[in-house]
Amino acid sequence: MSHPFSLRNKVGIVTGLANEDSIALGCAQALHEQGAEMLVTYASASDEPKVLPLAEAMGYPELLPCDVQDDTQLDALFDRARERWGRIDFVVHSIAFAPLEDLHGRVVDSSREGFKLAMDVSCHSFLRMARRAEPLMTEGGTLLCMTYHGSQRVVDNYGLMGPVKAALESAMRYLAAELGPQGIRVHAVSAGPIRTRAASSLEAFDELLEKSEARSPLGRLASIEDVGNAVVYLTSPAGAATTGTLLYIDGGDQIQY
Ligand code: NAD
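Rules used throughout
- Residues numbered from 1 in each chain as written.
- Predicted model: local features only at pLDDT ≥ 70, side-chain atom pairs only at ≥ 80, totals over all residues.
- Heavy atoms only, no water.
- Helix = DSSP H or I, 4+ residues; strand = E, 2+ residues; numbered from the N terminus.
- Rg over C-alpha atoms; globule rule 2.2 N^0.38 Å.
- Buried < 20%, exposed > 50% of the residue type's maximum accessible area, 1.4 Å probe, protein only.
- Pairing = 2+ DSSP bridges.
- Axes fitted to C-alpha atoms, helices over the stretch in contact; angles between N-to-C directions.
- Contact = heavy atoms within 4.5 Å.
- Parallel < 35°, antiparallel > 145°, perpendicular 65-115°, else oblique.
- Left-handed = near helix turned anticlockwise from the far one by under 90°.
- Nonpolar A, V, L, I, M, F, W, Y, C, P; charged D, E, K, R; others polar.
- Near = heavy atom within 4 Å.
- Polar contact = N/O pair within 3.5 Å; in protein donor to acceptor, adjacent residues only side chain to side chain.
- Areas by Shrake-Rupley, 256 points an atom, 1.4 Å probe, with all protein chains shown as cover.

## A few points about the overall build of the chain
Helices and strands together make up the secondary structure of the chain, namely eight helices and seven strands. For 257 residues, the compact-globule estimate of 2.2 N^0.38 gives 18 Å, and the chain sits close to it at 17 Å. By principal-axis analysis of the C-alpha atoms, the chain measures approximately 45 × 40 × 40 Å. Relative to its 257 residues, the chain shows a buried fraction of 51%.

Pasting the structure below:
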């Protein structure tokens, strides 16, 4: 009998690799360590110098560019998975974007275009991936996205991303309900603050890190490895009875909020 956390013979896609700090790297590494094989995507050719040297740590997955605003690239990604394996078991969505002028202003002042763009890249792209994954998840599967507690509570400087992540979490629950009968499980991992490229666009991010560490009962921040291990649990047979979960990996920060 294989171990309940083993991902041997599991194949899938991890998106959103930007550099060595990316949550996507923590996920790809942990999935690889449990035996999974995967395609890993980055947004554009300009990320290649940071991304290509990370291949070894992830067990040399196939690396592909994929801008989620480009349907042709999304199609090519899932076509490649079909060509290689004929099916997939998991997709990790680890992507977010908001224009700085909207992110740094008040939510009430956010521009229609900025809001639409943030929603498209950070939320609707998860639906576009799910739609493409569904016919490939012939043996069931797991769809995962990354969120932050600024969706549920007003967090200073999280601004526009708060409503966007709230929409993502809600979309996750609807997907879980719609795809559950096919054995497709859908989850959101709510990570505490981690110093990454995306996080560096938030104002006063250092303060957020300090407050989170001080507030959390465990007195520590989450790492990309912690998030990766949570992703392994949700993806593996150990998570077989779970779907529609919002799983906090934050040192307990959120219970003290
Ligand atoms: P990151 O900058 O390493 O990753 C964000 C990724 O989004 C990058 O790879 C970037 O290229 C990608 N992206 C942006 N626009 C894209 C597009 N049009 N097409 C394809 N990819 C695009 O930062 P991260 O912190 O690892 O972010 C990953 C996820 O984790 C995001 O959803 C983020 O909101 C979430 N998250 C981060 C934190 C944190 O504190 N860092 C906390 C909770 C949740």
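## Brief notes about the sheet that holds strand 2 (residues 37-42)
With parallel pairing, seven strands are arranged side by side in an open sheet as 3-2-1-4-5-6-7. Pairing within the sheet leaves two strands with one partner each, and these edge strands are strand 3 (62-65) and strand 7 (245-249). When the angles between neighbouring strand axes are averaged without regard to direction, this sheet yields 20°. Pairing analysis gives five bridges linking strand 6 (residues 184-191) to strand 7, with the strands arranged parallel. Looking across to strand 7, one finds that His 187 is bridged to Thr 245.

## Focus on the environment of Glu 134
If you trace the backbone, Glu 134 turns up in the loop between helix 5 (112-133) and strand 5 (141-147). For the pair Glu 134 and Gln 182, spaced 48 residues apart in sequence, the C-alpha separation works out to 8.7 Å. In contact with Glu 134, not counting residues within four places along its chain, are Leu 179, Gln 182 and Ile 184.

## Quick notes on the packing of helix 5 against helix 6 (residues 161-179)
Taken N-terminus to C-terminus, the directions of helix 5 and helix 6 make an angle of 15°; their axes are 9 Å apart at the nearest point. By the criterion of interaxial angle, the relationship of helix 5 to helix 6 is roughly parallel. For the pair helix 5 and helix 6, the sense of crossing is right-handed. Every residue of helix 6 that contacts helix 5 at Phe 115, Ala 118, Met 119, Ser 122, Cys 123, Phe 126, Leu 127 and Ala 130 is listed here: Met 161, Pro 163, Val 164, Ala 167, Leu 168, Ala 171, Met 172 and Leu 175. Residue composition of the contact of helix 5 with helix 6, grouped by class: 15 nonpolar, one polar and no charged.

## Some points on the site of the ligand
In the vicinity of the ligand, 27 residues are found, and the nearest of them are Gly 16, Ser 22, Ile 23, Ile 194 and Thr 196. Within the backbone of Ile 23, one N or O atom sits 2.8 Å away from an oxygen atom of the ligand. Lys 165 is positioned with one of its side-chain polar atoms (N or O) 2.9 Å from an oxygen atom of the ligand. Summarising the interface, the protein chains cover 93% of the accessible area of the ligand, which totals 810 Å² for the free molecule. Residues that form the shell around the ligand fall into these classes: 18 nonpolar, six polar and three charged.

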